[in-house]
Amino acid sequence: MDFKTMREDFPTLRSSDAPAYLDNACVTLKPQSVIDSIHRYYTETPGCGGRSVHRYGTAVSKGVRDARKGLAAFINAESTNEIVFTRNATHSLNQIAHGMSWNKGDVVLTTDREHNSNLVPWLQLEQERGIDHRVVKSHENNTFDLEAFEESCKEAGSNLRMVSMSHVGNLDGVSIPIQEIAKIAHDFDALVSVDGAQSTPHMNVDVQELGIDFLSFSIHKMCGPSGMGGLWGRYDLLDDLRTIQSGGQTVTSSTYTEASWAQPPARFEGGLGNFSGMVATGAAVEYLTTLDMNAVHQHEIKLNKIMTKGVKDIAGLEIIGPEDATQRGGICSILLDELPTHDVALLLDEAAGVMVRSGQHCVHSWFADKGLPQGSLRASAYFYNTEEDVKRFVDTLTEIVHTLG
Ligand SMILES: Cc1ncc(COP(=O)(O)O)c(C=O)c1O
């Protein structure tokens, strides 16, 4: 695929002095079609979907329906009713964690490289409900230890209720073997919740093929608008979940003494929604659907190989995760030894318009465990990034390190 010509679709990439935007693991840029869709909502049909029957309402309802349909097809969900619109992946993960009924001693397994969004809800449930959250340690190079996982499942035995893990880590780009994990977890009658915030935008994610139960994802990391996320769940499981935000639309009727719950997904979408966001999600998914997601993944690896080759031998720098870039997708996360990561990130932007992320990337637990409070410098690529972008990153970083080091 010719990703280079697609840069024209992104207003911030059109000019000759466009930045080398390498902070895609945080949030991606938006194509014109998504921006236009938001604008169209506010200028042409600024109504409320799912309730009002006038023209504005009907147009919005159709836009929301189409967006849900597009998302269902994108991740190969069995039904559009399995797609819930949320504010972000954090909201989705909280809906799962706080929507289930828990018994004291129920075991939840995560990895040791989770974003706070897939760690803190379990810590909260541990404090408030007495669940037993356990961490499966990765290999030394941050790759998944399937044997340690299987051992943890055996130790938990019949108490194992949930395996909740990020498909691709935002810390290091390392992916885990979800299909095998799901098979093992299901042998123990546990549920499998996948944090797909870093996988869904970058590779083929087929929820049926993966054999999982829940998928949480960030639409704002998929060329979509901010304030939008998604939750997919197997319908029977969604139907068993309590909503964490009850109110308008979450019930079919109410009296002064009781309410009748609506079916998913409406049950989880309480209150007036982010309609411009939902409709523009349709535009984002339509855009992504034109891409070959395998080619996107390969393109990011190609760029990561250039970054890896460029920084791996710089004295004092260390890439988090395996040296082989094919195992880290589009993420190159670098420990800078004594150099201050935020200052280096600022200099990259000031000196050469290279935008990366610095700090602990909401994976405080991993950095705390390793005693690395400074965090890392993380460059993360997407399909619209070019070889020139990553070379600019490598060259400027090299210069900064030599100057400050
Ligand atoms: C792996 C992972 N999980 C969860 C999140 C949280 O996503 P959101 O900001 O959509 O809540 C992120 C965000 O960076 C992430 O990278």
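Residues numbered from 1 in each chain as written. Predicted model: local features only at pLDDT ≥ 70, side-chain atom pairs only at ≥ 80, totals over all residues. Heavy atoms only, no water.

A.B. asks: Describe the overall build of the chain, naming the residues involved and giving the relevant values.
C.D. replies: Secondary structure summary: the chain contains 14 helices and 15 strands in total. For 405 residues, the compact-globule estimate of 2.2 N^0.38 gives 22 Å, and the chain sits close to it at 22 Å. Here the C-alpha coordinates of the chain stretch approximately 70 × 55 × 35 Å along the principal axes. For the chain, with 405 residues in total, the buried portion stands at 56%. Partitioning the intrachain contacts of the chain with sequence separation of at least 6 by distance along the chain shows that 70% fall at a separation of at least 24. Accessible surface, the chain as shown: approximately 17400 Å² in total, 49% of it carbon and sulfur. Each charge sign in the chain was given a centre, from 34 positive and 53 negative side chains, and these centres are 5 Å apart. (Helix = DSSP H or I, 4+ residues; strand = E, 2+ residues; numbered from the N terminus. Rg over C-alpha atoms; globule rule 2.2 N^0.38 Å. Buried < 20%, exposed > 50% of the residue type's maximum accessible area, 1.4 Å probe, protein only. Contact = heavy atoms within 4.5 Å. Areas by Shrake-Rupley, 256 points an atom, 1.4 Å probe, with all protein chains shown as cover. Lys, Arg positive; Asp, Glu negative; His and termini not counted. Charge placed at Lys NZ, Arg CZ, Asp CG, Glu CD.)

A.B. asks: Tell me what's going on with the site of the ligand, and back it up with residues and numbers.
C.D. replies: In the region of the ligand, 13 residues are neighbours, and Thr90, Asp195, Gln198, Ser218 and Lys221 sit closest. Residue threonine 90 places a side-chain N or O atom 2.4 Å away from an oxygen atom belonging to the ligand. Contact with the protein chains removes 90% of the 390 Å² of surface that the ligand exposes when unbound. In the shell around the ligand, the residues fall into 3 nonpolar, 8 polar and 2 charged. (Near = heavy atom within 4 Å. Polar contact = N/O pair within 3.5 Å; in protein donor to acceptor, adjacent residues only side chain to side chain. Nonpolar A, V, L, I, M, F, W, Y, C, P; charged D, E, K, R; others polar.)

A.B. asks: Describe in detail the sheet that holds strand 6 (residues 191-195), supporting the description with residues and values.
C.D. replies: With mixed pairing, the 7 strands of this open sheet are ordered in space as 2-8-7-6-5-3-4. Two strands bound the open sheet, and with one partner strand each, they are strand 2 (83-86) and strand 4 (132-136). Each adjacent strand pair in this sheet contributes to an overall mean axis angle of 20°, direction not counted. For strand 3 (residues 107-111) and strand 4, the ladder comprises 5 bridges, and the chain directions are parallel. Bridge pairing in strand 4 places valine 107 opposite aspartate 132. Contacting strand 3, strand 4 and strand 5 (160-166), helix 5 (residues 120-129) crosses the sheet at an angle of about 145° to strand 4. (Pairing = 2+ DSSP bridges. Axes fitted to C-alpha atoms, helices over the stretch in contact; angles between N-to-C directions.)

A.B. asks: Tell me about the packing of helix 3 (residues 55-74) against helix 10 (residues 275-289), and name the residues and values.
C.D. replies: Viewed as axis vectors pointing N to C, helix 3 and helix 10 meet at an angle of 40°, and their least axial separation amounts to 8 Å. With respect to helix 10, the axis of helix 3 lies oblique. Where helix 3 crosses over helix 10, the handedness of that crossing is left-handed. Where helix 3 approaches helix 10, its residues Val60, Gly63, Val64, Ala67, Gly70, Leu71 and Phe74 are matched on the opposing element by Phe275, Met278, Val279, Thr281, Gly282, Val285, Leu288 and Thr289. (Parallel < 35°, antiparallel > 145°, perpendicular 65-115°, else oblique. Left-handed = near helix turned anticlockwise from the far one by under 90°.)

A.B. asks: Now, about the layout of surface pockets: what can you tell me, with residues and values included?
C.D. replies: Over the atoms rolls a probe the size of a water molecule, and in doing so it shows where empty space is left. In this structure, the largest pocket occupies an estimated 560 Å³ of space. In terms of lining, the largest pocket is formed by 28 residues, of which the most central are Val64, Arg68, Gln249, Glu269 and Met278. Listed by contribution, the elements that provide at least two residues to the lining of the largest pocket are helix 3, strand 2 and helix 10. Here the element with the most residues in the lining of the largest pocket is helix 3; it accounts for 4 residues. Partitioned by chemical class, the residues of the lining of the largest pocket number 9 nonpolar, 14 polar and 5 charged. Roughly 400 Å³ of volume is contained in the second largest pocket. In terms of lining residues, the second largest pocket is bounded by 20 residues, among which Ser37, Arg40, Gly63, Val279 and Ala283 are the most central. Secondary-structure elements contributing two or more residues to the lining of the second largest pocket are helix 2 (32-44), helix 3 and helix 10. Of the residues in the lining of the second largest pocket, the class split is 8 nonpolar, 7 polar and 5 charged. (1 Å grid on protein atoms, 1.4 Å probe; cavity = no way out; pocket = protein on both sides within 12 Å on 5 of 7 lines; lining within 4 Å. Points joined across faces, edges and corners; volume = space filled by probe spheres on them.)

A.B. asks: Just give me the short version of the packing of aromatic side chains, but keep the residues and values in it.
C.D. replies: For the coordinates displayed, the defined rule picks out 12 aromatic pairs. A ring pair is formed by tyrosine 41 and tyrosine 42, whose centres lie 4.9 Å apart and whose planes are at 80°; its orientation type is edge-to-face. Taking relative accessible area as the criterion, tyrosine 41 reaches 9% and is therefore assigned buried. For tyrosine 42, a relative accessible area of 53% translates into the label exposed. Ring geometry for phenylalanine 383 versus tyrosine 384: centroids 5.1 Å apart, planes at 65°, classification edge-to-face. The same class applies to phenylalanine 383 and to tyrosine 384, which are both buried. Pairwise contacts between aromatic rings join Phe3, Phe10, Tyr287, Tyr382, Phe383 and Tyr384 into one cluster. The positively charged end of arginine 161 is found above the aromatic ring belonging to tryptophan 102, 4.9 Å away from the centroid. (Phe/Tyr/Trp six-rings, centres within 6.5 Å; stacked < 30°, edge-to-face > 60°. Lys NZ or Arg CZ within 6 Å of the ring centre and 35° of its normal.)

A.B. asks: Before we move on, could you go through the side chain of glutamine 95 and cite the residues and values that matter?
C.D. replies: Relative to the elements of secondary structure, glutamine 95 occurs in helix 4 (residues 89-99). Residue contacts for glutamine 95: discarding those within four places in its chain leaves Leu231, Leu241, Arg242, Thr243, Ile244 and Phe268.

A.B. asks: Account for helix 12 (residues 341-352), with residues named and values stated.
C.D. replies: The end-to-end C-alpha distance of helix 12, which contains 12 residues, comes to 16 Å, matching closely the 16 Å that a straight helix rising 1.5 Å per residue would cover. By the burial criterion, the buried members of helix 12 are Thr341, Val344, Ala345, Leu348 and Ala352. Angular distribution of buried residues about the axis of helix 12 spans 100°; they occupy a single face of the element. The exposed residues of helix 12 that point more than 90 degrees off its buried face are Leu346 and Glu350. Lining the buried residues of helix 12 we find strand 13 (354-355), strand 14 (357-359), strand 15 (376-380) and helix 14 (387-404). Count one or two residues on from helix 12 and you reach glycine 353, which has phi positive near 65°. (Expected span 1.5 Å × (residues − 1). Arc of directions from axis to C-beta.)

A.B. asks: Tell me what's going on with the pairing of strand 9 (residues 251-254), and back it up with residues and numbers.
C.D. replies: Here 3 bridges tie strand 9 to strand 10 (residues 259-261), and the two strands are oriented antiparallel to one another. Looking at the pairing, serine 254 lines up with alanine 259 of strand 10. Linking strand 9 to strand 10, which pair antiparallel, is a turn of 4 residues.

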